[in-house]
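# Examination of the molecular architecture
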Amino acid sequence: MAATPVPLAKDSGGRRVPGLIGWLLLSPMLLWLVLFVVFPTAILFVYSFCQRDELGQVVFDFTWSNYGRIFDPVYLRIFGRSLWYAALTTGLCLVIGYPVAYFIGRSPPRRRSLLLLAVMVPFWISFLLRTYAWISLLKAEGPLSALLQWSQLIAGPLEILYTPAAVIIGLVYTYLPFMILPIFTSAEKLDHSMIEAALDLGASPVRAFTQVIIPLTKPGIFAGVLLVFVPSIGMFAVTDLMGGAKVSMIGNVIQNQFGQARDWPFGAALGITFLALFAVTFWFLHDRNGEAH
Amino acid sequence: MKIRLRTLLTLGLALGAALHLVAAKKEINLFGWSEYVPQAVLDQFEKETGIKVNYETYASNEEMLSKLLGGAAEFDLVQPSEYVVEALVKAGKLEAIDFARVPNMKNVGAEFLRQPHDPEQKYSVPYMAGTVGIVVNTEKVKQPIVGMKDVFSGQCAGRIVTLADNREILTWALRTLDRDINVITPEAIAAARPVLAKWLPQIRLFDSDSPKTALLNGEVDIGVIWSGEAALLYREDKKFAYILPKEGAHLWIDSLVIPKGAPHKADAETFINFILRPEVSVLISEAFPYTNPNLEARKLLSPEQLGNPASYPAPTKLESFHDIGKAAGIVDKLITDLKGGS
């Protein structure tokens, strides 16, 4: 009984309510959020309970049916595949991105900013343009195919474009910087004396890595995983262009409802479900991550 | 005398300024397909009439519908395909065109008029037409291809590009089953399913925007694509043959229509009449080699242009699409399901 006031006091010390100036400073971002996140999501939410008419216009006639349709095996299977592709993309980004981020983070300052620039430069070029570049790189009569044939690694022309493998390549390429940057931020702050201490106390390099470096860069890993996993589930441009629109992910299904199928309410229901799933996953991960500290 | 002259001068100036203002205000808003109306045509129209054409573009009928029905912008002219014209007429979204202002309508071939989408020819004027057919790289594919069954015989598996249009794909199966392509019922979907389940895994890629690219790249050897794309391929290299499937093909007609409440209806009609002039229409054909419904304009085309089999194919059984309304949903689900299975 006597213990209850203690955490309360601790809480009110940690979370301060912003004053008037604080609110003023926050207002541009809040306005932005309300206008471009809260408001559209509310529209989407309302639409998801509506129906479409013959022309594809939204009719305000309440129904649950859009949510019922989501549980059709056709869409569940695609959702499962989207999760698998996103997980694979995240895993590959982590394996490729972690050493890069660590290396950049531990480099001397001048080289560090140069390397960071190299990670950012692709963002200066349109995403579509870069995707088309990949298409001409991977195509059967492209340079990679020619190189592999010349070195006799493969017998016929390279047949990778318009396959799931091409989709994964495209996804990893697109989202790699989103893994590197947050891990870099963590790695940069890493106190080198901690690693030295671990090694001095007799830890093997592997043990120092798994028990010191990884836990200390965990916030970066967590942020990176989230930044790669979430958007790659919803991606539709890469599957359309590099996958030949053959392997659909849930993003393609949603896009189709707002396009060809002209069924906005169903698209909205898919979008809302998607959003709810993310929110729940995020909370779950965040809570566990919080407990670990 | 002096004063009167001055008054006259001032009046004249004022009149001139007023006229100039009126002239500067004249404009129409055209909402059309991307890569469909040559800039030269729009420039010539402005030079002749002083009416400026604001050309805004879209990439699919569906995109156009959302913007048009959303009411965000006021368009004077739109270029929907036949089944969308039908839906718009049904919903009362189009103005009847005053054909007294469009005398050049006489140039349009009778086979493009009074189609099911506009049986009385009150609301639409054919702009360009075309088909969906088979393109074959004759250097790579040696066996004869006459219909869809040959395309999907299995011999060309993995070497095929098709449009990414779900309804279009479904009709190919319906035609080989001798079914009405405009009757989309759950029963028709069930009948088409096993056929498409065999066909879709053979397709290397789906691309509606530029299917010719994969054929030119050598990534695929056979395509089921728009005739306009096929005509460009044939122009590039004569090895690309265009074949209309023997079981029949989709004849699409894109029309110019005036949406209900268009702010500049009369000027829009002037534009339609201008487009139908043979010497203007031929400019469009030169830039975009679709089938020109304007018979007078065809007379101005070179024998080579008329000889392009993709622009002017040998006649076969051609059908246009009707509006299918909500059935678009089950079509979408079928194709999504079959693509997911591969």
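Residues numbered from 1 in each chain as written. Chains lettered and ligands numbered in written order. Predicted model: local features only at pLDDT ≥ 70, side-chain atom pairs only at ≥ 80, totals over all residues. Heavy atoms only, no water.

This brings us to the overall build of chain B. In terms of helices and strands, chain B carries 14 helices and 10 strands. If you line up chain B on its principal axes, its C-alpha atoms span 95 × 40 × 35 Å. For chain B, restricting intrachain contacts to residue pairs at least 6 apart in sequence, the fraction spanning at least 24 positions comes to 74%. Of the accessible surface of chain B, which amounts to about 14800 Å², a share of 57% is contributed by carbon and sulfur atoms. (Helix = DSSP H or I, 4+ residues; strand = E, 2+ residues; numbered from the N terminus. Contact = heavy atoms within 4.5 Å. Areas by Shrake-Rupley, 256 points an atom, 1.4 Å probe, with all protein chains shown as cover.)

Given two aromatic rings, one states the distance between the centres and the angle between the planes to describe the pair. Residue and element names in this part refer to chain A. Taken as a whole and judged by the stated rule, the model has 28 aromatic pairs over all chains. Pairing Y98 with F209 gives two aromatic rings, centres 5.8 Å apart and planes at 90°, and the pair type is edge-to-face. Separated by 111 residues along the polypeptide, Y98 in helix α4 (residues 73-106) and F209 in helix α10 (residues 205-216) bring together distant segments of the chain. Judged by its relative accessible area of 34%, F209 falls in the partly exposed class. The structure contains a cluster of three or more aromatic residues connected by ring pairs, namely F45, F49, F62, W64 and Y67. (Phe/Tyr/Trp six-rings, centres within 6.5 Å; stacked < 30°, edge-to-face > 60°. Buried < 20%, exposed > 50% of the residue type's maximum accessible area, 1.4 Å probe, protein only.)

Our focus in this paragraph is the nonpolar core. Grouped together as the largest cluster of nonpolar side chains are 142 residues, with contacts concentrated most on L77, L170, L196, F271 and I272 of chain B. Tallying contributions element by element places helix α8 (residues 164-189) of chain A first for this core, with 11 residues. Per-domain counts for this core show at least three residues from each of domain 1 (2-129 + 253-306) and domain 2 (131-251 + 312-339) of chain B. When near neighbours in sequence (up to four residues on either side) are disregarded, I272 of chain B contacts L77, I97, V102, V125, L256 and I258 of chain B. Formed by 18 residues, the second largest nonpolar core is a distinct cluster that contains I70, A86, I233 and I250 of chain A. (Core = buried A, V, L, I, M, F, W, Y, C linked by side-chain atoms within 4.5 Å. Domains from an automatic or database assignment.)

Further remarks concern the domain arrangement of chain B. Residues and elements named next belong to chain B. When cut into domains, chain B gives domain 1 (2-129 + 253-306) and domain 2 (131-251 + 312-339). Summarising the inter-unit geometry, the C-alpha centres of domain 1 and domain 2 are found 31 Å apart. Listed as interface residues are 20 residues of domain 1 and, on the opposing side, 14 residues of domain 2. Overall, the association of domain 1 and domain 2 removes approximately 1500 Å² of surface from exposure, summing both partners, and the carbon and sulfur fraction of that is 53%. Summed over the three residues of domain 1 that lose the most area to domain 2, namely E82, Y83 and P289, the buried surface amounts to 33% of that side. Linking domain 1 to domain 2 there are one salt bridge. Between K90 and D323 there is a salt bridge, with the nearest N and O atoms lying 3.4 Å from each other. Within the residue set of the side of domain 1 that touches domain 2, elements represented by two or more residues are α4 (82-90), α11 (278-287) and α13 (303-306). Top contributing element to the side of domain 1 that touches domain 2 by residue count: α4, with five residues. The class makeup of the residues in the side of domain 1 that touches domain 2 is nine nonpolar, five polar and six charged. (Buried area = accessible area lost by both parts, 1.4 Å probe. Salt bridge = Lys/Arg side-chain N within 4 Å of Asp/Glu carboxyl O. Nonpolar A, V, L, I, M, F, W, Y, C, P; charged D, E, K, R; others polar.)

So, on to the interface of chain A and chain B. On the chain B side, the residues contacting the 30 residues of chain A number 30 residues. Roughly 2900 Å² is buried in total at the junction of chain A and chain B, and carbon and sulfur atoms are behind 47% of that figure. Its largest share of buried area at the contact with chain B, chain A owes to L55, K246 and Q260 of chain A, together 22% of the area lost on that side. Taken together, the connections running from chain A to chain B amount to four salt bridges. When the shortest N-O distance is used, the salt bridge between K333 of chain B and D72 of chain A registers 2.6 Å. Applying the counting rule to chain A against chain B returns 12 residue pairs in polar contact (both at pLDDT 80 or more). Put simply, the parts of the chain that give the side of chain A that touches chain B at least two residues each are α4 and α13 (250-258) of chain A. Examining the composition of the side of chain A that touches chain B, we find that five residues originate from one element, α4 of chain A, more than from any other. Here the side of chain A that touches chain B is composed, by residue class, of 12 nonpolar, seven polar and 11 charged. (Polar contact = N/O pair within 3.5 Å; in protein donor to acceptor, adjacent residues only side chain to side chain.)

The next thing to look at is the pattern of salt bridges. A side chain with one charge can pair with a side chain of the opposite charge if their charged atoms come near. A full pass over the atoms with the stated rule returns 21 salt bridges over all chains. For D221 of chain B, the salt bridge identified is with K140 of chain B, shortest N-O distance 3.9 Å. Remark: K140 of chain B occurs in the loop between β4 (124-137) and α5 (148-151) and D221 of chain B occurs in the loop between α8 (212-216) and β7 (222-226); sequence separation between them is 81 residues. Take D221 of chain B: its relative accessible area is 8%, and that puts it in the buried class. Taken together, the salt bridges that share partners define one network made up of E159 of chain A together with K140, R159, R204, E219 and D221 of chain B.

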